[in-house]
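Okay, here's what each chain looks like letter by letter:
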Amino acid sequence: MKKNATLLVPIASDNPIPFNQSKMGGIPNLNIFESEWPVCEYCGHPLHFVIQIYKKDFPDFYFPDGSNIFSIFRCPNFDCPKWYKTDAFDHPIFLYFGEVDMNGENKTFEKPPDRAVKERCENEVVECYFKPRKVDDYPDRIDYPQELLDYGVDEILSEEFKHHQYTKYGGWPARIQGDKNPDCKCGKVKSMFFQLGTDEPDDPDKKGEFFGDHGLELGDVGVITFYKCDDCGLKSIESIFECY
Ligand SMILES: [Zn+2]
Ligand SMILES: [Zn+2]
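A brief structural summary. (Residues numbered from 1 in each chain as written. Chains lettered and ligands numbered in written order. Predicted model: local features only at pLDDT ≥ 70, side-chain atom pairs only at ≥ 80, totals over all residues. Heavy atoms only, no water.)

1. A look at the overall build of the protein
Stage number 1. Tallying secondary structure elements over the protein gives 2 helices and 12 strands in all.
Stage number 2. Its helices and strands taken in sequence order, the protein reads β-β-β-β-β-β-β-β-α-α-β-β-β-β from the N to the C terminus.
Stage number 3. Here the C-alpha radius of gyration of the protein, 18 Å, is about what a compact globule of 244 residues would show, namely 18 Å.
Stage number 4. Reported as C-alpha extents along the three principal axes, the dimensions of the protein are approximately 60 × 40 × 40 Å.
Stage number 5. The burial tally for the protein puts 52% of its 244 residues in the buried class.
Stage number 6. For the protein, contacts bridging at least 24 residues in sequence account for 73% of all contacts bridging at least 6.
Stage number 7. Positive and negative side-chain charges of the protein, numbering 28 and 44 respectively, have mean locations separated by a distance of 2 Å. (Helix = DSSP H or I, 4+ residues; strand = E, 2+ residues; numbered from the N terminus. Rg over C-alpha atoms; globule rule 2.2 N^0.38 Å. Buried < 20%, exposed > 50% of the residue type's maximum accessible area, 1.4 Å probe, protein only. Contact = heavy atoms within 4.5 Å. Lys, Arg positive; Asp, Glu negative; His and termini not counted. Charge placed at Lys NZ, Arg CZ, Asp CG, Glu CD.)

Below, the structure is given as structure tokens:
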């Protein structure tokens, strides 16, 4: 049942990271937008930039045909009418795939200031570079077939046969509340293509630390897993939020 996963391992950066590198926080590549910083489609609040992943850096990540960048933005407004009211039960998040000229300049428009008062607004993501690491990833108990559970496989498996609950792609989804992969409208079961985590203690240089450098708190040490249907592609993407 072993799969390969790539842990992104976000590390806080002392210096600004150029817009044309994969990273979290800071100034994103704005060329995926027309002329304005993106706003929440439910409350109009300027979105916070979370993460961008380039095909040049992670060629085995899921990129629909013609795209070379994947970005996530998030509505930080605790008073957003969709706050914890979407299917994902979290802040509304917005995904973008695009095709950008890797040698071009970044667009120059700036993020409008946060409108929500500080106490009612999630913090910006701390700017982080990635120190990616390939790992073996094993399913959570609920993803084992019944005959293996009947055999007692989850009692035999030791710590090393675990799934990683961190920011990663490939591998198995972390299970906290016991959701399974969602079904697509076409009848196929969707597969995970990305997972965003709260805690990132898997960096060997940072042992003992719990929360990720990026400062993103997804509920109570939660994860967001992103799924797509292999047949239906982009339009089938959905995310599931899980926390303790
Ligand atoms: Zn909003
Ligand atoms: Zn489908």
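Now that the structure has been shown, we can carry on.
2. Brief notes about unusual backbone geometry
Stage number 1. The backbone of Val-9 sits at a positive phi, close to 50°, despite the residue not being glycine.
Stage number 2. Along the chain, Val-9 falls in the loop between strand S1 (3-7) and strand S2 (10-12).

3. A look at the nonpolar core
Stage number 1. Counting residues in each nonpolar core, the largest one holds 27 residues, and the members touching the most others are Ile-51, Ile-53, Phe-61, Phe-70, Phe-193, Phe-194 and Leu-196.
Stage number 2. Setting aside residues up to four positions removed in sequence, Phe-194 forms contacts with Leu-8, Ile-51, Ile-53, Phe-61, Phe-70, Ile-72, Thr-167, Lys-168, Tyr-169, Ile-224, Thr-225 and Phe-226.
Stage number 3. Within the second largest apolar cluster, 12 residues are counted, among which are Leu-30, Phe-33, Cys-43 and Phe-109. (Core = buried A, V, L, I, M, F, W, Y, C linked by side-chain atoms within 4.5 Å.)

4. Details of the coordination of the zinc ion (ligand 1)
Coordination angles at a metal have ideal targets, namely 109.5 degrees for four tetrahedral donors and 90 or 180 degrees for six octahedral donors.
Stage number 1. Summarising the metal site, the zinc ion (ligand 1) is bound by the protein donors Cys-40 (SG), Cys-43 (SG), Cys-75 (SG) and Cys-80 (SG), whose distances to it range over 2.3 to 2.4 Å.
Stage number 2. In this structure, the zinc ion (ligand 1) is coordinated by 4 donor atoms arranged in tetrahedral fashion, with angles at the metal of 100 to 117°.
Stage number 3. Positions of the donor residues of the zinc ion (ligand 1), expressed as sequence spacing, correspond to C-x2-C-x31-C-x4-C. Taken together, the positions of Cys-43 in the loop between strand S3 (23-24) and strand S4 (48-54) and Cys-80 in the loop between strand S5 (69-74) and strand S6 (93-98) put the pair 37 residues apart, joining distant regions of the chain.
Stage number 4. On the basis of relative accessible area, Cys-43 is assigned to the buried category, the value being 18%.
Stage number 5. Judged by relative accessible area, which is 4%, Cys-80 ranks as buried. (Donors = N, O, S within 2.8 Å, 3.2 Å for Na, K, Ca; no water. Tetrahedral: all angles 85-135°; square planar, octahedral: opposite > 155°, others 65-115°.)

5. Considerations on the side chain of Asn-106
Stage number 1. As for its position among the elements, Asn-106 is in the loop between S6 and strand S7 (128-130).
Stage number 2. Given a relative accessible area of 17%, Asn-106 falls into the buried group.
Stage number 3. Within the structure, Asn-106 has its side chain in polar contact with the backbone oxygen of Pro-28 (distance 3.0 Å).
Stage number 4. In this view, Asn-106 contacts Phe-19, Ile-27, Pro-28, Asn-29, Leu-30 and Asn-31; residues no more than four positions away in its chain are not counted. (Polar contact = N/O pair within 3.5 Å; in protein donor to acceptor, adjacent residues only side chain to side chain.)

6. With respect to the coordination of the zinc ion (ligand 2)
Stage number 1. Surrounding the zinc ion (ligand 2) are the protein donor atoms Cys-184 (SG), Cys-186 (SG), Cys-229 (SG) and Cys-232 (SG), at 2.2 to 2.3 Å.
Stage number 2. Classification of the site at the zinc ion (ligand 2) as tetrahedral follows from its 4 donor atoms and the range of 106 to 112° in their angles at the metal.
Stage number 3. In the primary sequence, the donor residues of the zinc ion (ligand 2) line up as C-x1-C-x42-C-x2-C. Here Cys-186, found in the loop between strand S9 (168-170) and strand S10 (191-197), pairs with Cys-229, found in strand S11 (residues 223-229); they are 43 residues apart in sequence, far enough to count as distant.
Stage number 4. The partly exposed category is assigned to Cys-186, whose relative accessible area is 45%.
Stage number 5. A residue is classified by how much of its surface remains accessible, and Cys-229, at 0% relative accessible area, is buried.

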